[in-house]
Amino acid sequence: MSPEAFDYSPLDSNTREIRVLTLLPGGFEDLLRVSVGKQSLDASPIYNALSYVWGDPTSASNPGNIINIDGHDFSVTSNLLAALRHLRPHAGAAPIMLWVDAVCINQRDVDERTQQVSMMRDIYASAEQVFIWLGEGDDESDAVFDTLPMLATRKSRPDDEQDKILVDATRRCSGFLSGLMSQRPWFSRVWIIQELAMAKHDPLVICGHKSVTWSTLMKASEFVSRKIFTEINMVKRKGQGGPDQNVSEDNSIGGTDDPYDEERNIEIVAYMKVDVLNDIYKAMRTHGGEHLRKLLMISRTSEATDPRDRIYALIGLLKPDTSDAQGSGELVAVDYRKPTAAVYSDAVAHIFAQGEGPYFLSAVFLPGISAAAPQIPSLPPTTPQPPLPSWVPDFSRQVAGKATQPNGVLFHPPAGISASGPGAGCNNGRRLEDKKTLQVEGLFVDTIEEVVSFGESFDSYLRQLPYIESLSKTARQRPCQLEPSITPYVNRYKNEEPLWKALVSNKRYMSGYDPAPASYEAMYQNLLKNLAEGDNWRPKISYDEQDEYLQYIQAHVGKMSFFTTKSGFVGICVPDSRRGDAIAILFGSPIPFVLRPAPGTVPVAGGERPVHYLIGGSYVSGIMAGEMVDELYCEDLMDSTTFFIQ
């Protein structure tokens, strides 16, 4: 979006000035006319703010995509033009005061853009009303928006299935609501999280000529979810299941005495992005914000034209007491002159300053060594940009289809268990002044002796399994190469857990939290038996509980390799691991990491120290419940190691 004949006059940053449009009345198809004025946020101006998606930037060059600003032509995208047409007051009505980023910020002025984006939280928080523009409507969306208010006020009852009108309305809305994420780009944009969350009054959601409030949309969505997910058995009844009782919204335990009160007696198991957005909307009102670690996890599927906005769009949502990382100096400040790698490094440094760094790195897709940072679209493709340090994730690739490495969550042990043991919640790690080196304390476990790939197919995995079983037994017999004082402990650790558990990170398939059931052992032994009977045997997976172990293996093909260490530990690791890599527990992480010695050193107090690359996560059989930290480090049988990672 580039202005053609309209010139911006500078804003006064000292008085927190913003530009506000006055959207003048007119006919729907008339040329859109606006005037622009300046307002100081300190003076509590009255205006509304638009939350929308720019859309295809090339559409701004279409001849008809013009608005008139104080007599000057200004090009806008098709989606913004449509939004303004639907918001424009009809002839004879009062004009609307509106803040729109594409027009109110001089996008060509990097300094102004930096300053205004840093004020985005206050801009949306100060707006009298936030308008959410989902896009043009159609017959389906019109019918759904007419139905939403009725569903929002409806209480679920067992006899609802007898009400044909309600059933039809619920299913009609279900199809529309489930398609919001894929069919309405507003939901995929990272900036909308802040724009929604900061609204001081209930935002107005507009689709074509129809509109409802955000709270109406959410209440209707919850009603529909309860109905649809009950049909497919993705709910659980509160108060049933012994120790797994649920806490209801009013913090009472269990359900209610009224068997007809379906609203409070069942809990939805499934979770959609619209629910996550609403949680953030509520969190801003109850807690004043969220931690950056959680915000990055929530927004990982969101999109941003400028990759730096994956961080900058979230800064306004930080809890007030965490925005400066507790005085550590690791403040994430908006600066569009910084390259992407520096912005992402700032974000991770902030998370470490919050005491959440090692755990955070265990639950993301890491970039690998010397990974290229995402290209900034406003720069020529030939402009060199620094690569990402190995400990800084590419936040534009935090979904499986885009990531180049497996997610560390694959190697997480069951819930409540951590390789860090007593050190699971410690505040550990900081970025050095060179902005590229991470200093973190940990426990050296051992050096990798061999890495065996499972291959890229289910068949190749099965062919390797008997060999890996044999290799595991041989490796466990190796003498301990570590300190003699800890040899008895190491020998116990490495022989304590059977291989079948390690191959699935001791987790139940599709759970991610529950330990692998004992029944998996029989499945594994039966698998080995059948493989030994003939090279041509291939399992027929029934996709029920009796084949869960095979389903787990099939779902994770290509995402891990098997390894052994010099002292006989065995486990699974990221495929990029290789012989000579180190295994280390970084205190605070639930999993050990694979580290690779890097060339060069880093100057620190006391001299030069060796450097490592962070390769990825691992599951080391026998030490995933914190045994080494608890029994060796805490009992002064092992010293910690300070690692410097680049």
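Basis of the calculations
- Residue positions are counted from 1 within each chain, in the order its sequence is given.
- pLDDT decides what is reported in this predicted model: residues at 70 or higher carry local features, side-chain atom pairs at 80 or more are listed and counted, and totals for whole chains, interfaces and linings draw on all residues regardless.
- No hydrogens and no water enter the side-chain calculation; it runs on all heavy atoms of the structure.
- Paired strands are those between which DSSP finds at least two bridges.
- Per the convention used, a helix needs a DSSP run of H or I reaching at least four residues, while a strand needs a run of E reaching at least two, with both numbered from the N terminus.
- Each axis is a line fitted through C-alpha atoms, taken for helices only over the stretch in contact, and angles between the N-to-C directions span 0 to 180 degrees.
- Two residues qualify as a contact provided that any one of their heavy atoms is within 4.5 Å of a heavy atom in the partner residue.
- Any pair of Phe, Tyr and Trp rings, taking the six-membered ring for Trp, is counted once the centres come within 6.5 Å. Such a pair is stacked with planes under 30 degrees apart, edge-to-face with planes over 60 apart, and tilted for the rest.
- Relative accessibility decides the category of a residue: with a 1.4 Å probe and only protein chains considered, values under 20% of the type maximum give buried, values over 50% give exposed, and everything between is partly exposed.
- For a helix, the expected span equals 1.5 Å multiplied by the residue count minus one.
- What makes a nonpolar core is a set of buried Ala, Val, Leu, Ile, Met, Phe, Trp, Tyr and Cys residues whose side-chain atoms join them at distances within 4.5 Å.
- Angles are sorted into four bins: roughly parallel if under 35 degrees, roughly antiparallel if over 145, roughly perpendicular if 65 to 115, and oblique for all others.
- Under the grouping applied here, Gly and all other residues not named as nonpolar or charged are polar, the nonpolar ones being Ala, Val, Leu, Ile, Met, Phe, Trp, Tyr, Cys and Pro and the charged ones Asp, Glu, Lys and Arg.
- The predictor attaches a confidence to each residue, called pLDDT, with possible values from 0 through 100.
- When the near helix sits turned anticlockwise from the far one by under a right angle, the crossing is termed left-handed; a clockwise turn instead gives a right-handed crossing.

**Q** I'd love a proper account of the pairing of strand β13 (residues 438-453), names of residues and values included.
**A** For a regular strand, side-chain orientation follows a simple rule: the groups alternate between the two sheet faces. With two bridges connecting them, strand β12 (residues 430-431) and β13 associate as antiparallel partners. Across the sheet, the residue bridging to Arg 430 is Gln 439, located in β13. Count of turn residues in the β12/β13 antiparallel hairpin: six residues, of which Lys 435 carries a positive phi of about 70°. Pairing of β13 with strand β19 (residues 641-645) involves five bridges; the strand directions are antiparallel. What sits directly across from Val 440, in β19, is Phe 643. Sheet analysis places β13 next to strand β16 (residues 582-586), joined by five bridges and oriented antiparallel. When the sheet's bridge partners are listed, Thr 447 is paired in β16 with Ala 582. Judged from the five bridges that link them, β13 and strand β14 (residues 561-565) form a sheet pairing that is antiparallel.

**Q** Any details on the sheet that holds strand β7 (residues 129-135)? Residues and values, ideally.
**A** Pairing within the open sheet is mixed, and its nine strands lie in the order β5-β4-β2-β1-β6-β3-β7-β8-β9. Whereas interior strands pair on both sides, the edge strands pair on one side only; in this sheet they are β5 (72-75) and β9 (210-213). Along the sheet, successive strands turn relative to each other by an average axial angle of 35°, direction set aside. Sheet strands in contact with helix α5 (residues 139-152) are β7, β8 (204-207) and β9, and its direction is about 30° off that of β9.

**Q** Would you mind going over the packing of aromatic side chains in detail, with residue names and values included?
**A** Tallying each qualifying case throughout the model produces 14 aromatic pairs. Between Tyr 312 and Tyr 336, the aromatic rings sit 5.2 Å apart at their centres with planes inclined by 80°, giving edge-to-face as the arrangement. Remark: Tyr 336 occurs in the loop between α13 (309-315) and α14 (340-353) and Tyr 312 occurs in helix α13; sequence separation between them is 24 residues. As far as burial versus exposure is concerned, Tyr 312 and Tyr 336 are alike and both buried. Both rings, one in Tyr 524 and one in Tyr 549, keep their centres 5.8 Å apart while their planes meet at 65°; by these two values the pair is edge-to-face. Taken together, the positions of Tyr 524 in helix α19 (residues 519-533) and Tyr 549 in helix α20 (residues 548-555) put the pair 25 residues apart, joining distant regions of the chain.

**Q** Provide a residue-level description of α14, including the pertinent values.
**A** Given a rise of 1.5 Å per residue, 14 residues ought to cover 20 Å, and the 20 Å separating the end C-alpha atoms of α14 matches this to within 8%. The element α14 is largely enclosed, with a buried count of 13 among its 14 residues. A positive phi of about 85° marks Gly 355, the residue just after α14.

**Q** I'd like a rundown of the nonpolar core, residues and numbers included.
**A** In terms of nonpolar packing, the biggest core is built from 184 residues, with Leu 50, Ile 67, Trp 99, Trp 214 and Leu 361 touching the most fellow members. With near-sequence residues (within four places) excluded, Trp 214 lies in contact with Ile 132, Trp 186, Leu 196, Asp 202, Pro 203, Val 205, Val 274, Leu 277, Asn 278 and Tyr 281.

**Q** Summarise the packing of helix α16 (residues 458-475) against α19; cite the residues concerned and give the values.
**A** Their axes nearest at 10 Å, the elements α16 and α19 cross at an angle of 105°. When the interaxial angle is binned, α16 and α19 end up roughly perpendicular. Only Tyr 524, Leu 527, Leu 528 and Leu 531 of α19 make contact with α16, whose side of the interface consists of Leu 462, Leu 465, Pro 466 and Glu 469. For the contact of α16 with α19, the class distribution of residues is seven nonpolar, no polar and one charged.

**Q** Give a description of the pairing of β8 that names residues and reports values.
**A** By the bridge criterion, four bridges tie β7 to β8 in an arrangement that is parallel. For Phe 131, the partnering residue across the bridge sits in β8 and is Leu 204. In terms of strand pairing, β8 meets β9 through four bridges, oriented antiparallel. Counterpart to Val 205 in the pairing with β9 is Val 212.

**Q** I'd like to hear about the confidence of the model for the protein chain, residue by residue, with values.
**A** Averaged over every residue, the pLDDT of the protein chain is 88; the share at 70 or more is 89%. Across residues 232-271, confidence stays below pLDDT 50; counting only partners more than four residues off in sequence or on other chains, it has 73 contacts.

**Q** Just give me the short version of the packing of α5 against helix α6 (residues 164-178), but keep the residues and values in it.
**A** Their axes nearest at 9 Å, the elements α5 and α6 cross at an angle of 120°. Judged by the angle between their axes, α5 and α6 are oblique. Viewed along their axes, α5 and α6 form a crossing whose handedness is left-handed. Touching Glu 140, Ser 141, Ala 143, Val 144, Phe 145, Thr 147, Leu 148, Met 150 and Leu 151 of α5 are Leu 166, Ala 169, Thr 170, Arg 172, Cys 173, Gly 175 and Phe 176, all from α6.

**Q** Residue-level account of the environment of Gln 546, with values.
**A** For Gln 546, the location among the structural elements is in the loop between α19 and α20. For Gln 546, a relative accessible area of 54% gives the class exposed.

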